[in-house]
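Here are the chains, one letter per residue:
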Amino acid sequence: MNQLFNYDNGLFRAVGKAVDAFYLSLLWVLFSLPVVTIGASATALYYAVHKSLRGNRSYLWESFWSAFKSNFKQATKIWLILAAGFAFLFADSRITLSMLEQGARMGILYYFFYFLMYFLAVWSVYIFAYSARFENGMKDTMKNAAIIAVIHLPGSLLVFGVLFAAGFLISIFIPFLFIVPAAAAVLLDMILEKIFRRYMSQEDLQKEEELSWEQHS
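The structure displayed is predicted, hence computed values, not measured ones.

Conventions and cut-offs
Residues numbered from 1 in each chain as written. Predicted model: local features only at pLDDT ≥ 70, side-chain atom pairs only at ≥ 80, totals over all residues. Heavy atoms only, no water. Helix = DSSP H or I, 4+ residues; strand = E, 2+ residues; numbered from the N terminus. Contact = heavy atoms within 4.5 Å. Lys, Arg positive; Asp, Glu negative; His and termini not counted. Charge placed at Lys NZ, Arg CZ, Asp CG, Glu CD. Buried < 20%, exposed > 50% of the residue type's maximum accessible area, 1.4 Å probe, protein only. Expected span 1.5 Å × (residues − 1). Bend = angle between axes of the 7 residues up to and from the residue. Phe/Tyr/Trp six-rings, centres within 6.5 Å; stacked < 30°, edge-to-face > 60°. Core = buried A, V, L, I, M, F, W, Y, C linked by side-chain atoms within 4.5 Å. Axes fitted to C-alpha atoms, helices over the stretch in contact; angles between N-to-C directions. Parallel < 35°, antiparallel > 145°, perpendicular 65-115°, else oblique. Patch = residues over 30% accessible without salt bridge, like charges linked within 9 Å, V, L, I, M, F, W, Y side chains within 5 Å. Areas by Shrake-Rupley, 256 points an atom, 1.4 Å probe, with all protein chains shown as cover. Salt bridge = Lys/Arg side-chain N within 4 Å of Asp/Glu carboxyl O.

> Would you take a moment to explain the overall build of the protein for this structure?
The helix and strand inventory of the protein stands at 8 helices and 0 strands. Scanning the protein from its N terminus toward the C terminus, one meets helices and strands in the order α-α-α-α-α-α-α-α. If one aligns the C-alpha atoms of the protein with their principal axes, the spans along those axes are about 70 × 40 × 35 Å. By sequence separation, contacts in the protein at least 24 residues apart represent 68% of the contacts at least 6 residues apart. A gap of 6 Å separates the mean positions of the 17 positive and 15 negative side-chain charges of the protein.

> So what exactly am I meant to see when it comes to the side chain of Ser93 here?
Assignment of secondary structure puts Ser93 in helix H3 (residues 60-101). Ser93 gets classed as buried once you look at its relative accessible area, which sits at 0%. Excluding residues within four positions of it along the chain, Ser93 makes contact with Tyr110, Phe113 and Met117.

> Whenever I open this one, unusual backbone geometry confuses me. Can you help?
Only a minority of non-glycine residues have a phi that is not negative, and only a minority of peptide bonds are not trans. Look at Val35: it is not a glycine, yet its phi comes out positive at around 70°. If you trace the backbone, Val35 turns up in the loop between helix H1 (10-32) and helix H2 (38-53). Assessed through its relative accessible area of 47%, Val35 is described here as partly exposed. At Asn56, a position not held by glycine, the phi torsion is positive, near 55°.

> I tried to follow H3 on my own but got confused; where do I start?
Each full turn of the α-helix corresponds to 3.6 residues, which orients residues three or four apart in the same direction. Helix length check: H3 (42 residues) gives 49 Å between terminal C-alpha atoms against 62 Å at 1.5 Å per residue, more than 12% under. Phe72 marks where H3 bends most, by close to 70°.

> When you look at the environment of Lys51 in this model, what are you seeing that I'm missing?
In this structure, Lys51 sits in helix H2. For Lys51, a relative accessible area of 24% gives the class partly exposed. With 82 residues separating them along the chain, Lys51 and Arg133 place their C-alpha atoms 10.0 Å apart. Leave out the neighbours within four places in its chain, and Lys51 touches Asn56, Arg57, Ser58 and Ser63.

> Would you mind showing me how to read the packing of aromatic side chains here?
Each aromatic ring pair is specified by the distance between its two centres and by the angle formed by the two planes. As enumerated under the stated definition, the model contains 19 aromatic pairs in all. By way of ring pairs, the aromatic residues Phe31, Trp61, Phe64, Trp65, Phe68 and Phe72 are connected into one cluster.

> I tried to follow the nonpolar core on my own but got confused; where do I start?
In summary, soluble globular proteins display a tendency toward joint burial of nonpolar side chains. Formed by 52 residues in total, the largest nonpolar core has its most connected members in Leu24, Phe64, Leu82, Tyr126, Ile127, Val159 and Leu192. Sorting the residues of this core by element identifies H1, H2, H3, helix H4 (109-133), helix H5 (138-151), helix H6 (153-172) and helix H7 (180-196) as the ones contributing at least two each. Here this core takes 12 residues from H4, the largest share from any one element. Among all residues touching Val159, those that are not within four sequence positions of it are Val122, Val125, Tyr126, Leu188, Ile191 and Leu192.

> I keep staring at the packing of H6 against H7 and nothing clicks. Help me out?
How two helices pack is summed up by the angle between their axes together with the distance between the axes. Packing of H6 against H7 brings their axes to within 10 Å, and their N-to-C directions diverge by 180°. Classed by the angle they form, the pair H6 and H7 counts as roughly antiparallel. On H7, the residues touching Gly155, Leu158, Val159, Val162, Ala166, Leu169 and Ile170 of H6 are Val180, Ala184, Leu187, Leu188, Ile191, Leu192 and Ile195.

> Can you walk me through a nonpolar patch on the surface in this structure?
There is a patch of nonpolar side chains on the surface, built from Phe164, Phe168, Leu169, Ile172 and Phe173 and spanning about 510 Å² of accessible area. With respect to the secondary-structure elements, Phe164 resides in helix H6.

Below is the structure:
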């Protein structure tokens, strides 16, 4: 019985992580409401998940707010570019779908635009995760994220799978919006950190190992 109510018990830790995921998802929703801040909010979510939810190295709010502020300007500019790209591709996909349904030869471009939307979604994840983990200018961030996404195609397919599952869950039950974003970010962190470590300096890797050791000591 004493073991059951021990706060180091696996059940308590799992419940605690679930509450933390709800809190971070709520922060992400609230800070994304202005729409133009979605990029900064996504960057902050990934950073808070990596540092606090999985790393246990800081308070959730402290990590989220710090990353939101420090990345706000650049992440917002990037998001506006990506949003324009999404709007353009979505409009073209609707037009070409109508042409495809009418039997027009150009309608085949529907599949091309549809593929580009999927790639843009995956690229967006890489961009904001990369922004949360590395300090680079806007052009270098977008370029490096695209290169990494293409080079690590198996990982990118997993990223797409997480995005698809998250979108599907939220579409069938809207309240999932307050738990799925952080849960998806945890899965994305597990996938992307294995990739990002290949591009980290030996000094940065050593710091990561030291922090991980401190966490478990």
